[in-house]
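# Chains, contacts and geometry: an overview
So you can see what is in the structure, the chains are spelled out below.
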Amino acid sequence: GENVEQHPSTLSVQEGDSAVIKCTYSDSASNYFPWYKQELGKGPQLIIDIRSNVGEKKDQRIAVTLNKTAKHFSLHITETQPEDSAVYFCAARSGTDKLIFGTGTRLQVFP
Amino acid sequence: EAGVAQSPRYKIIEKRQSVAFWCNPISGHATLYWYQQILGQGPKLLIQFQNNGVVDDSQLPKDRFSAERLKGVDSTLKIQPAKLEDSAVYLCASSLRQTQYFGPGTRLLVL
């Protein structure tokens, strides 16, 4: 079945710096890759997603890139702010139409 | 637009007791999901409904977990009897097409 690996598990950056989180997936039939932000005590919130027919997508300070050949996708956050501090999850929709999540990255942005 | 609603938000029970969680999805969303999120991990799908029919329950421990979605709207997830390892956050999500929207979750502690 599909397996999604996510790195790093924790990431600390200074306010204003960029943050990059990377994920790899195993099922070549996967075609949809969302990213979720989860704050303490809340459910995951979708922040950006990308489909397999697109290589890059950007929304203000957030961008996602997809390399289908290498089965990698990454989240890029520029000009980080303290309110970006949260746990971020990548996910991949497998060939069986199931959403498989990575293990999460705890991002801390220090002012 | 109202989001996914869940109740209760917190529940503490002793092992071997039973517990039930309730979810009200976003209006018009045909697909409803229940996930289990153990501390420090990503959400893991327990069961997926399309209207009131089960699409995938391959990872639902059917000897103790049950779920229903009567009338294709609200859903309940039940655990009977609970074990210590069931301590987790139970997330409900709904979708119209690909994008899944999560509720705030129910945090369960089994003592």
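The structure reproduced in this document is the subject of the present report. (Residues numbered from 1 in each chain as written. Chains lettered and ligands numbered in written order. Predicted model: local features only at pLDDT ≥ 70, side-chain atom pairs only at ≥ 80, totals over all residues. Heavy atoms only, no water.)

### Let's talk about the overall build of chain B
Rules: Helix numbering and strand numbering both begin at the N terminus, where a helix is a DSSP run of H or I of at least 4 residues and a strand a DSSP run of E of at least 2. Throughout, radius of gyration means the C-alpha value; the globule benchmark is 2.2 Å times the number of residues raised to the power 0.38. Each residue is placed in one exposure class: buried if its accessible area under a 1.4 Å probe, protein chains only, is under 20% of its type's maximum, exposed if it is over 50%, and partly exposed if it falls in between. Surface accessibility in these figures is a Shrake-Rupley result with a 1.4 Å probe; residues are shielded only by whichever protein chains are displayed. Note on charges: Lys and Arg go in the positive column, Asp and Glu in the negative column, and His and the chain ends are not counted at all. All charge positions are set by atom: Lys at NZ, Arg at CZ, Asp at CG, Glu at CD.
Across its full length, chain B carries 0 helices and 11 strands. Against the globule reference of 13 Å for 111 residues, chain B gives a C-alpha radius of gyration of 13 Å, in line with a compact fold. Overall, the C-alpha framework of chain B stretches about 35 × 25 × 25 Å when taken along its three principal axes. Per-residue burial over chain B gives 47% buried out of 111 residues. Carbon and sulfur atoms make up 51% of the accessible area of chain B, which totals about 5600 Å². For chain B, the separation between the mean place of its 13 positive charges and that of its 9 negative charges on side chains is 3 Å.

### Details of a nonpolar patch on the surface
What counts, and what does not: Here a patch means residues that are over 30% exposed by relative accessible area and free of salt bridges, tied together within 9 Å if like-charged and within 5 Å if nonpolar (Val, Leu, Ile, Met, Phe, Trp, Tyr). The salt bridge criterion pairs a side-chain nitrogen of Lys or Arg with a carboxyl oxygen of Asp or Glu, the two atoms within 4 Å.
A cluster of nonpolar residues, Ile12(B), Leu109(B) and Leu111(B), forms a patch on the protein surface that exposes about 300 Å² of accessible area. A relative accessible area of 58% places Ile12(B) in the exposed class.

### Details of the pairing of strand 5 (residues 44–50) of chain B
Looking along a regular strand, one sees the side chains alternate between the two faces of the sheet. Residues and elements named next belong to chain B. Which entries qualify depends on this criterion: Two strands form a pair only when DSSP identifies at least two bridges running between them.
In terms of burial, strand 5 is largely enclosed, as 5 of its 7 residues are buried. Here 6 bridges tie strand 4 (residues 31–37) to strand 5, and the two strands are oriented antiparallel to one another. Across the sheet, the residue bridging to Gln36 is Lys44, located in strand 5. If you look at the hairpin formed by strand 4 and strand 5, you'll find 6 residues sitting between the two strands, and Gly40 has a positive phi there, around 85°.

### Structural notes on the pattern of salt bridges
Residues and elements named next belong to chain A. Taken as a whole, this structure holds 7 salt bridges over all chains when the rule is applied. Salt-bridge contacts for Lys57 lead to Asp49; the nearest nitrogen and oxygen are separated by 2.9 Å. Taking the shortest distance from any N to any O, the salt bridge between Asp84 and Arg61 comes out at 2.9 Å. Here Asp84, found in the loop between strand 8 (72–77) and strand 9 (86–93), pairs with Arg61, found in the loop between strand 6 (56–59) and strand 7 (62–67); they are 23 residues apart in sequence, far enough to count as distant. Here Asp84 falls in the buried class, since its relative accessible area comes to 7%. The class for Arg61 is partly exposed, based on a relative accessible area of 23%. Each of Asp49, Arg51 and Lys57 takes part in one network of salt bridges that share partners.

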